[in-house]
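Chains, contacts and geometry: an overview
Now for the letters of each chain:
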Amino acid sequence: MADRNDITALIADMGQRARNAAVTLAQMPTEAKADALRAAAAAIRDAAPVVLEANARDVAAGAANGLSPAMLDRLTLDEARIAGIVAGVEAVAALPDPVGQRIDERTRPNGLNLSRVRVPVGVIGIVYESRPNVTVDAAALCAMAGNAAILRGGSEAVHSNRALHAAFVRGWTAAGGPADTVQLVPTTDRAAVGAMLAADGLIDLLIPRGGKSLVARVQAEAKVPVLAHLDGINHVYVDGSADHEMAIRIVRDAKMRRTGICGAMETLLIDRAYCHPAELVATLVDAGCTVRGDADIREIVPGLEVATAEDWDTEYLDAIASVALVDGVEGAMAHIAAHGSHHTDAIVAEDRSVAERFLAQVDSAIVLWNASTQFADGGEFGLGAEIGIATGRLHARGPVALEGLTTYKWIGRGTGQIRAQNQG
């Protein structure tokens, strides 16, 4: 383990260099940022063999260390996933630049013109686990939004992260981007996370992206503002009015398309009035999913595992789902309110009034009607990429992309207005 004082000094130095880069970035023209991002994407494409070799080392080590199948899936890169990473950077480069956008404007009776304008946050620290694509997604989004970034990835992806970061920086700087725009913490010592959490005055916003223990630590210890991404305990509710074939497709996709992502369904809620509950369970079982059910669904489908109280509050990130029968949309919303994580919840229904009530009353960052929860992704929202799904209620919510990585300032334009003493 490195000396704690050395790690604190390391983070302080990275923070100061990031602040210097952020000053340049805030004034960097849109097309210059876009050109540098396209160069970074090309560099990652060219470095694909090196990245895949590095990733193979991480995957082999992860398997030897007993990483779960879900974690290994998140860790693994292949040619298609690298192509997706490259496409994500190119998509971010093509998005409208939020910096300088005028949010609103008003002119006061005294003629003073006031406007709110988007500006970069400054320096963003990102602590994440397992998924090496976050290295590039975070780099691209922060840079396009005019922010410098300090990235601390998990030890399980150390070689992949370093290879991706090196390629990104090589392309970015070759096209004129500031060298310290995106820095990767070089040590896997956990003390580096603590130093980032304490870097008040150097890091303006910290974003954790990982498991419950990581997010809990960040929220408990951080001395800088935190934009949290919590568990994806996501529900699909199948209403009595649902189209059966649509319900089958959505339920299967929501759980089994990729079980290890935060948008995967973990709990299936079925209206007691729905005519084919056994077939919904069967589509999961036939796809290789272990189903744990409440007493009511087990009466209809004997042989299911018993869902315990803990199951309703568990993000499996695996081919496991809990299933319960509920009393209509009110029962579904009550269950989600008690056990959900405010991430992503969906309703399958043909009755518009029922669906609209669900959309209006379920307090989640993403609420869907007749669509799979697996759409909880910045790319699918047309945002290019995302830095995470924010589940809180302040600053940004849902997929955090370019706008979520900006703040705003007020600009006033006057013609000599003063505030007289007798005006309060």
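Since the model is a prediction, treat every value here as computed from it, not as a measurement.

When the UniProt feature table is mapped onto this chain numbering, "domain: Aldehyde dehydrogenase" (unreviewed entry) sits at residues 14-275. Across residues 14-275, helical content stands at 49% and strand content at 17%; the span's end C-alpha atoms are separated by 60 Å.

Our next topic: the sheet that holds strand 9 (residues 290-293). Overall, parallel pairing links the seven strands, which are arranged 10-9-11-8-7-12-13 in an open sheet. Both outer strands of the open sheet, strand 10 (305-306) and strand 13 (366-369), are each paired with one neighbouring strand and no more. The sheet contact formed by strand 7 (residues 234-238) and strand 8 (residues 265-271) spans five bridges and is parallel. Bridge pairing in strand 8 places V238 opposite I270. Helix 11 (residues 277-286) rests against strand 7, strand 8, strand 9 and strand 11 (320-326) of the sheet, and its axis sits at about 160 degrees to strand 8.

A few words on the pattern of salt bridges. In this structure the tally under the stated criterion is 23 salt bridges. Through salt bridges that share partners, D13, R17 and D180 make up one connected network.

Here we come to the layout of surface pockets. In this structure, the largest pocket occupies an estimated 700 Å³ of space. Residue lining of the largest pocket: 28 residues in total, with R131, N133, R257, R258 and D377 positioned closest to the centre. The biggest single contributor to the lining of the largest pocket is helix 5 (residues 79-94), with four residues. If you count residues domain by domain, the lining of the largest pocket takes at least three from each of domain 1 (4-228 + 392-411) and domain 2 (235-376).

This structure, assessed with the given rule, holds one cavity of 30 Å³ or more. Of the volumes computed, that of the largest cavity is approximately 80 Å³. Surrounding the largest cavity, R152, G153, G154, V158, N161, R162, L184, V185, P186, T187 and T188 form its lining. The element that contributes the greatest number of residues to the lining of the largest cavity is helix 7 (residues 158-174), accounting for three residues. Considered class by class, the residues forming the lining of the largest cavity number four nonpolar, five polar and two charged.

Our next topic: the nonpolar core. Core analysis: the largest hydrophobic core is formed by 78 residues, its most contacted members being L37, I126, F168, W172, I387 and L405. Here the element with the most residues in this core is helix 6 (residues 133-144); it accounts for nine residues.

Relative to the assigned elements, K33 resides in helix 2 (residues 30-46). Once residues within four sequence positions are removed from consideration, K33 is found in contact with M28, D97, V99, A143, M144, G146 and W172.

With that settled, the discussion passes to the packing of aromatic side chains. Tallied over the full model, the rule gives two aromatic pairs. With centroids separated by 6.1 Å and ring planes inclined at 15 degrees, the aromatic side chains of F168 and W172 adopt a geometry described as stacked. A residue pair is termed a helical-turn pair when its members lie 3 or 4 positions apart in one helix, as F168 and W172 do in helix 7 at four residues. In this structure F168 comes out as buried when scored by relative accessible area, which is 2%. Taking the centre distance of 6.4 Å and the plane angle of 20 degrees together, the rings of Y237 and F358 count as stacked. A residue pair is termed long-range when its members are at least 10 positions apart, and Y237 in strand 7 and F358 in helix 14 (residues 352-361) qualify at 121 residues. Note on accessibility: Y237 and F358 belong to one class, buried. If you follow R116 out to its NZ or CZ, it ends over the ring of Y408, 4.7 Å from the centre.

About the cut-offs
- Residues numbered from 1 in each chain as written.
- Predicted model: local features only at pLDDT ≥ 70, side-chain atom pairs only at ≥ 80, totals over all residues.
- Heavy atoms only, no water.
- UniProt positions renumbered as here; feature names shortened; annotations may be inferred.
- Helix = DSSP H or I, 4+ residues; strand = E, 2+ residues; numbered from the N terminus.
- Pairing = 2+ DSSP bridges.
- Contact = heavy atoms within 4.5 Å.
- Axes fitted to C-alpha atoms, helices over the stretch in contact; angles between N-to-C directions.
- Salt bridge = Lys/Arg side-chain N within 4 Å of Asp/Glu carboxyl O.
- 1 Å grid on protein atoms, 1.4 Å probe; cavity = no way out; pocket = protein on both sides within 12 Å on 5 of 7 lines; lining within 4 Å.
- Points joined across faces, edges and corners; volume = space filled by probe spheres on them.
- Domains from an automatic or database assignment.
- Nonpolar A, V, L, I, M, F, W, Y, C, P; charged D, E, K, R; others polar.
- Core = buried A, V, L, I, M, F, W, Y, C linked by side-chain atoms within 4.5 Å.
- Buried < 20%, exposed > 50% of the residue type's maximum accessible area, 1.4 Å probe, protein only.
- Phe/Tyr/Trp six-rings, centres within 6.5 Å; stacked < 30°, edge-to-face > 60°.
- Lys NZ or Arg CZ within 6 Å of the ring centre and 35° of its normal.

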